[in-house]
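Spelled out from the first residue to the last, the chains are:
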Amino acid sequence: MLDLRLARNVARISARGWKWLFLLSGCMAAGLLSFWISHVAYSPATRVRAAQPARPFTASIRTEYYSPTGNLARSVVREYARFSDRTMISRVREEFPTHDDSPWEIFDVRNERKLIIDPSTKSLNTRGYGRQELLSDITNMEDESCPDNLESLPRSEVYLGYQTRFIKIHEDPDTDRERWIVPELECFPVKSIVRKGGAHNAINAITLNEGEPSRDLAFVPPDYAERSPAEIEQIYFKSMGKPLFGAPLTKRLEADYQKRRAQLSR
């Protein structure tokens, strides 16, 4: 689901007056926490269905961000895993212009928690969730459940061996999204194009392999310390001289973290 650095990148680009489009694909999205991933708003055409056991798979998805002049501004690859119990893992690595690992996230249904893991500060952030609350958050993500109007969507190209259905969403006068989704995989998108003004994002699955993912994908090194979002932000800013999450997202994450810690202590 998560590229936690997108919020910072958007702010920096907007400050320069550029018109790049940085939009998450599942998670988070190309990785999802600008991605206040659990609370994405949808149009009626993309209202999700109730949670169901899912077909497990792993996938690699590349997102490329292009400027209005057609130049590549940024490229990231998301390594995604969905388990049959709906647990999700989403890890993002930037390919261009850097080769940085982004903070990544686990929606751990088995252990009823969400985790943010940040390699740059060797930090772990754990938030407890009830099973139904967690499943509700997952199935209210656009990439994790099918829209109610699935049967009316036209069949489109076969992509990575899967028959896709096509959906186009006109979000505002300046923004259009095209998505190619796979119905048997809870309508996971294998291809998407987002256009805003003259800029656009191209999102394409590189690989997709069905089967239960390895739980080793959720491994967190033992030297990673549990920290609050505010602590992670402070450490990162001190060492790098720039924000990791950014102030608005840090505030939301910190409030949720402290609320859930207080609930556990009661």
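Check the entry above for the structure.
Trainee: Where do I start with the overall build of the protein in this structure?
Mentor: Within the protein one finds 4 helices and 12 strands. Looking at the protein as a whole, 50% of its 266 residues qualify as buried. In the form shown here, the protein has an accessible surface area of approximately 12300 Å², with 52% of it arising from carbon and sulfur atoms.

Trainee: I tried to follow the pattern of salt bridges on my own but got confused; where do I start?
Mentor: Close approach of charged atoms allows side chains with opposite charge to pair. Within this structure, the stated rule accounts for 24 salt bridges. Of the charged contacts, one joins Glu151 and Arg165 as a salt bridge, the two residues approaching to 3.7 Å between their closest N and O atoms. Highlighted residues: Glu151 in the loop between α2 (131-139) and β7 (155-159) and Arg165 in strand β8 (residues 162-172), separated in sequence by 14 residues. The exposure class assigned to Arg165 is buried, which follows from its relative accessible area of 7%. Three or more residues joined by partner-sharing salt bridges are found here, namely Glu105, Arg127, Glu133, Asp256, Lys259 and Arg260.

Trainee: Is there a simple way to explain the pairing of strand β6 (residues 123-128) in this structure?
Mentor: Note: strand β5 (residues 113-118) against β6, 6 bridges, orientation antiparallel. Each bridged residue has a counterpart across the sheet, and for Ile116 the counterpart in β6 is Asn125. Where β6 and strand β12 (residues 225-226) come together, 2 bridges link them in parallel fashion. Bridge pairing in β12 places Ser123 opposite Ala225.

Criteria and cut-off values
Residues numbered from 1 in each chain as written. Predicted model: local features only at pLDDT ≥ 70, side-chain atom pairs only at ≥ 80, totals over all residues. Heavy atoms only, no water. Helix = DSSP H or I, 4+ residues; strand = E, 2+ residues; numbered from the N terminus. Buried < 20%, exposed > 50% of the residue type's maximum accessible area, 1.4 Å probe, protein only. Areas by Shrake-Rupley, 256 points an atom, 1.4 Å probe, with all protein chains shown as cover. Salt bridge = Lys/Arg side-chain N within 4 Å of Asp/Glu carboxyl O. Pairing = 2+ DSSP bridges.

Just distances and angles here, no functional claims.
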